[in-house]
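Here is what each chain is made of, one letter per residue.
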Amino acid sequence: MNRWLIKSDPEEYGWELMQKDKTTLWTGVRNYQARNNLRLMKKGDELLFYHSNIDMAIVGLCKLNKKAQPDPTATEGDWSCVEIKAIRSLAKPVTLSQIKAHEDLQQFGLVRNARLSVMPVSEKEWQAISDMAGE
DNA sequence: GCCAACGTTGGC
DNA sequence: GCCAACGTTGGC
């Protein structure tokens, strides 16, 4: 089982809506690195749901329902999407500033490459985030 | 609202 | 194949 973090602008599609929808197709990724990460996901993988721009915090936990399939919103190009399922909110959201301040998270994608929207989370990183989330 | 970082495009 | 110009994302 692998772990990932996905980013979303809450003004476009926030955690509230994700929970209401329960499952959603994660479409619209138009970056090769992010797409390749989507394609590596397997059913049952766990995902952290991050709010960019306004909240700047990890707020929720999701699971991968269906592995990568062609993105139906792509009119051209070779793009993928996955189906994810909302599990629950974190006990405490973990803010970007907390993440940046944590010594075990200096190599984490959010810190090193702010623009990447789908990234892997290592075991150590997951542990650090879980601790801060009060899980 | 600004700007840094990054990715993409297109001219050469 | 290089690199300047441009567009987008996202943190501040």
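One can find the structure itself at the top, above this paragraph.
These notes cover the structure that comes with them. Counting from 1, residues in each chain are numbered in the order their sequence is written. Lettering for chains starts from A, numbering for ligands starts from 1, and both go in the order in which the items are written. It should be noted that, the model being predicted, local features are given only for residues of pLDDT at least 70 and side-chain atom pairs only at 80 or more, the latter also being counted only at that level, while totals for whole chains, interfaces and linings use all residues. Side-chain figures throughout are based on the complete set of non-hydrogen atoms in the structure, without hydrogens or water.

Overview of the sheet that holds strand β2 (residues 23–26)
Piece 1. Pairing is mixed across the open sheet formed by six strands, whose spatial order is β2-β5-β4-β3-β1-β6. The outermost strands of the open sheet, each flanked by one partner alone, are β2 and β6 (118–120). Across this sheet, the average inter-strand angle for adjacent strands is 35°, counted without regard to direction.
Piece 2. Where strand β4 (residues 57–70) meets strand β5 (residues 80–95), ten bridges bridge the pair, whose relative direction is antiparallel. In short, DSSP must find at least two bridges between two strands for them to pair. Helical segments are the DSSP runs of H or I of at least four residues, strand segments are the runs of E of at least two, and each set is numbered from the N terminus. Angles here are taken between N-to-C directions and fall from 0 to 180 degrees, while the axes themselves are lines fitted to C-alpha atoms, restricted in helices to the stretch in contact.

Brief notes about the protein's contact with DNA strand C
Piece 1. If even one non-hydrogen atom of a residue comes within 4 Å of a molecule or strand, that residue is called near it. Lining the immediate surroundings of DNA strand C are Lys7, Tyr50, Ser52, Asn53, Met56, Leu96, Lys100, Ala114 and Arg115.
Piece 2. Sugar and phosphate atoms form 79% of the subset of DNA strand C atoms that lie within 4 Å of the protein.
Piece 3. Throughout this description, a polar contact denotes any pair of N or O atoms lying within 3.5 Å of each other; where both atoms belong to protein, one of them has to be capable of donating a hydrogen while the other can accept it, and for residues adjacent in sequence the pair is counted only when both atoms sit in side chains. Interatomic distance of 3.0 Å between a backbone N/O atom of Asn53 and a phosphate oxygen of DNA strand C.
Piece 4. The separation between a phosphate oxygen of DNA strand C and a polar side-chain atom of Lys100 is 2.9 Å.
Piece 5. Residue polarity follows a fixed list, in which Ala, Val, Leu, Ile, Met, Phe, Trp, Tyr, Cys and Pro are nonpolar, Asp, Glu, Lys and Arg are charged, and the others, Gly among them, are polar. Taken together, the residues of the surface near DNA strand C sort by class into four nonpolar, two polar and three charged.

Describing the protein's contact with DNA strand B
Piece 1. In the region of DNA strand B, the neighbouring residues are Asn31, Tyr32, Gln33, Arg112, Asn113 and Arg115.
Piece 2. A breakdown of the atoms of DNA strand B within 4 Å of the protein gives sugar and phosphate a share of 54%.
Piece 3. Between DNA strand B and Arg115, the relevant distance is 2.3 Å, taken from a base oxygen to a side-chain nitrogen or oxygen of the residue.
Piece 4. For the surface near DNA strand B, a count of residues per class yields one nonpolar, three polar and two charged.

With respect to helix α3 (residues 32–40)
Piece 1. Remark: exposure states derive from per-residue accessible area (1.4 Å probe, protein chains only) relative to the maximum for the residue type, with buried under 20%, exposed over 50%, and partly exposed in between. All of the buried residues along α3 are Ala34, Arg35, Asn37 and Leu38. Projected onto a plane normal to the axis of α3, the buried residues spread over an arc of 160° and lie on a single side.
Piece 2. By the convention used here, residues are in contact when the closest approach between their heavy atoms is within 4.5 Å. Packed against the buried residues of α3 are β1 (3–8), β2, β4, β5 and β6.
Piece 3. Backbone nitrogen of Gln33 and a side-chain oxygen of the N-cap are separated by 3.1 Å at the start of α3; the cap is Asn31. The arc under discussion is defined with respect to the helix axis, by the directions toward the C-beta atoms.

Some details on the packing of aromatic side chains
Piece 1. The criterion for an aromatic pair is that two Phe, Tyr or Trp rings (for Trp, the six-membered ring) have centres within 6.5 Å, with stacked assigned to planes under 30 degrees apart, edge-to-face to planes over 60 apart and tilted to the rest. In total, this model carries four aromatic pairs according to the counting rule given.
Piece 2. On the basis of an interplanar angle of 50° and a centroid distance of 5.1 Å, the ring pair of Trp15 and Phe49 is categorised as tilted. One end of the pair, Trp15, is in helix α2 (residues 15–21); the other, Phe49, is in strand β3 (residues 46–51), and 34 residues separate them in sequence. The burial state of Trp15 is the same as that of Phe49; both residues are buried.
Piece 3. Residue class for Phe49 comes out buried when judged on its relative accessible area of 0%.
Piece 4. Every member of this aromatic cluster is reached through a ring pair, and the members are Tyr13, Trp15, Trp26 and Phe49.

So, to be careful, I would describe these as geometric facts and stop short of saying anything about function.
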